[in-house]
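Architecture and fold: a report
Residue-level listing of the chains:
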Amino acid sequence: MPLRSSSTIIIYSLVLPIVQALSTTSSNIMSTSSVALRSVKQILPAAPRHWVGDGFHVHPVFSNKAFTEELSPFLMFDYAAPQQFKPNKGSPRGVGQHPHRGFETVTIAFKGEVEHADSVGNRDVIKPGDVQWMTAGRGIIHQEFHSNEFSKKGGEFEMCQLWVNLPKKNKMTKPHYQPIVDRKIPVVDLKGASVDGECSEETVGEVRVIAGSFLGTKGPATTFSPVELWDATIQKKGTVVDLPFPDDFNCIIFVRRGEIDVISESGDPKRVGAQGVALMKREGGSIRIQSAQKNTSLLIMGGLPLNEPIAARGPFVMNTWDEINKANKDYMMGKFGK
């Protein structure tokens, strides 16, 4: 998707969580483990929606934190909340041809279908549960529309797209496309546990592991730097989930549906509503959240900080302004997608 212009050179940092679930009815839970719990650094409420093309009515999830050092290696996040579209007899809604260089786009379809085509010959329909992981690398031109089938029938549409930065050494890699269908994404049960950490056999939710690994189960996405991306669902209201992860990583939790409380070492809960984001502090080795509604759905993402300068403007993300100017010139000269 096209990017709103940025004229700042910045540096980045992010997460690598692993999850263990607890079941409880208390919303003010003191830490009982030897691993310190992290606190919320900032809560980002749901941002107002805007249209990307005529097919994607999105919340810019990261708002003014997009393209800041707190999110590395993630750059941007657009979320199209569930919306009904009437049957369309004309051209499919969406975004026409546009270029990218220097990063990856990750598109997840929850409801409805997205049709993709690009300048290196990839063409695919992203169906519910599917993920498209596209490496723009040295340059690609692509387009994204509601699929022809979805356009004809209409229905409920929900999707998101994340931008993941590439390390400096990989920014000019050959464009690559990973079509990850729903059946290829492993699903791991979340088991309940007592407050003292003893596991039970009760299943309280599940995690689809898109990238990285969760409890030893690896996701199918291939990445250029360590990245974690999980699609998690917690079935019951009041369930507590612990997310231990290396304490030198950042963490981002997006509430796709429902509400959560993020519980700190002192036991104080911080409420995060639907389409809100919890950016976590880096002190501590575990994150504890409690579902405040049944069927709560989260996207949990993270990665190893790249710690490299970023020059971002429009559809290009490089390390210097000279490289941005070169990207513009290469695109105008027809050198993308080769």
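Note that the structure is a prediction, hence the values are computed from the model and not measured.

Calculation notes
Residues numbered from 1 in each chain as written. Predicted model: local features only at pLDDT ≥ 70, side-chain atom pairs only at ≥ 80, totals over all residues. Heavy atoms only, no water. Helix = DSSP H or I, 4+ residues; strand = E, 2+ residues; numbered from the N terminus. Buried < 20%, exposed > 50% of the residue type's maximum accessible area, 1.4 Å probe, protein only. Contact = heavy atoms within 4.5 Å. Pairing = 2+ DSSP bridges. Axes fitted to C-alpha atoms, helices over the stretch in contact; angles between N-to-C directions. Phe/Tyr/Trp six-rings, centres within 6.5 Å; stacked < 30°, edge-to-face > 60°. Lys NZ or Arg CZ within 6 Å of the ring centre and 35° of its normal. Lys, Arg positive; Asp, Glu negative; His and termini not counted. Salt bridge = Lys/Arg side-chain N within 4 Å of Asp/Glu carboxyl O. Polar contact = N/O pair within 3.5 Å; in protein donor to acceptor, adjacent residues only side chain to side chain. Core = buried A, V, L, I, M, F, W, Y, C linked by side-chain atoms within 4.5 Å.

Okay, the overall build of the protein chain next. Scanning the protein chain for helices and strands turns up 2 helices and 28 strands. Here the protein chain holds 338 residues, and the buried ones make up 57% of them. Sequence separation of 24 or more characterises 77% of the internal contacts of the protein chain that already satisfy a separation of 6 or more.

Here the amide bond leading from Ser72 into Pro73 is cis, since omega sits at 5°, within 30 degrees of zero. Tracing the backbone through its elements, the reader meets Pro73 in the loop between strand S5 (56–60) and strand S6 (74–85). Look at Asn295: it is not a glycine, yet its phi comes out positive at around 55°. Mapped onto the secondary structure, Asn295 falls in the loop between strand S25 (286–291) and strand S26 (296–303). The exposure class assigned to Asn295 is partly exposed, which follows from its relative accessible area of 37%. The phi torsion at Asn307 lies on the positive side, around 55°, for a residue other than glycine. For Asn307, the position within the fold is in the loop between S26 and strand S27 (310–313).

Buried residues dominate S6, accounting for 9 of its 12 residues. The pairing of S5 with S6 spans 2 bridges and is classified as antiparallel. Note that in S6 the partner of Pro60 across the bridge is Asp78.

The next thing to look at is the sheet that holds strand S11 (residues 131–135). Judged by pairing direction, the sheet is antiparallel, and its 7 strands sit side by side in the order S4-S5-S6-S13-S8-S11-S14 without closing on themselves. Strands at the two margins of the open sheet, each flanked by one partner only, are strand S4 (50–52) and strand S14 (176–180). For this sheet the average axis-to-axis angle between neighbouring strands, irrespective of direction, equals 25°. Bridge count for strand S8 (residues 103–111) against S11 is 5 bridges, and the pairing is antiparallel. Looking at S11, one finds that Val106 is bridged to Trp133.

Across the 8 residues of strand S19 (residues 227–234), 7 count as buried, placing the element largely inside the fold. Bridge count between S19 and S26: 8 bridges; the pairing is antiparallel. Residue Ala232 lies in a different strand from S26, and its bridge partner there is Leu298.

Inspection of the entire model under this criterion finds 12 aromatic pairs. Here the aromatic rings of Trp51 and Phe85 are separated by 6.4 Å at their centres, their planes lie at 80°, and the arrangement is edge-to-face. Placement of Trp51 in strand S4 and of Phe85 in strand S6 is noted, with a sequence separation of 34 residues between them. Overall, the relative accessible area of 39% leaves Trp51 in the partly exposed class. Given a relative accessible area of 9%, Phe85 falls into the buried group. For the pair Phe56 and Phe157, a centre-to-centre distance of 6.0 Å together with 50° between the ring planes defines the contact as tilted. In this pair, Phe56 sits in strand S5 while Phe157 sits in strand S13 (residues 155–165), placing the two residues 101 residues apart along the sequence. When sorted by exposure, Phe56 lands in the same class as Phe157, which is buried. Following the ring pairs from residue to residue traces out a cluster consisting of Trp51, Phe56, Phe85, Phe150 and Phe157. Against the face of Phe110 rests Arg256, its NZ or CZ located 3.7 Å from the ring centre.

A few words now on the side chain of Arg38. Mapped onto the secondary structure, Arg38 falls in the loop between strand S2 (20–23) and strand S3 (40–44). The side chain of Arg38 sits in the buried core without any salt bridge; Asp247 is the nearest counter-charge, 5.6 Å away. Reaching out from Arg38, the side chain makes a polar contact with the backbone oxygen of Lys281 at a distance of 3.1 Å. A polar contact is formed between the side chain of Arg38 and the backbone oxygen of Gly284, at a distance of 2.7 Å.

Phe62, Phe77, Ile108, Trp133, Leu229 and Met301 are the most contacted members of the largest nonpolar core, which totals 38 residues. Listed in part, the 25 residues of the second largest apolar core include Trp230, Cys251, Val262 and Ile300.

With that out of the way, let us pick up the side chain of Glu308. Note on placement: Glu308 falls in the loop between S26 and S27. Here Glu308 is buried and forms no salt bridge, its nearest opposite-charge partner Lys171 lying at an N-O distance of 6.3 Å. Among the polar contacts made by the side chain of Glu308, one reaches the main-chain amide nitrogen of Lys168 at a distance of 2.8 Å.

It is worth spelling out the environment of Gln84 at this point. Position of Gln84 among the secondary structure elements: in strand S6. By relative accessible area, Gln84 is classed as exposed at 57%. For Gln84 and Phe157, which are 73 residues apart along the polypeptide, the C-alpha to C-alpha distance reads 6.2 Å. Excluding its chain neighbours within four sequence positions, the residues that come into contact with Gln84 are Gly155 and Glu156.

Bear in mind that shape data such as this cannot, by itself, settle questions of function.
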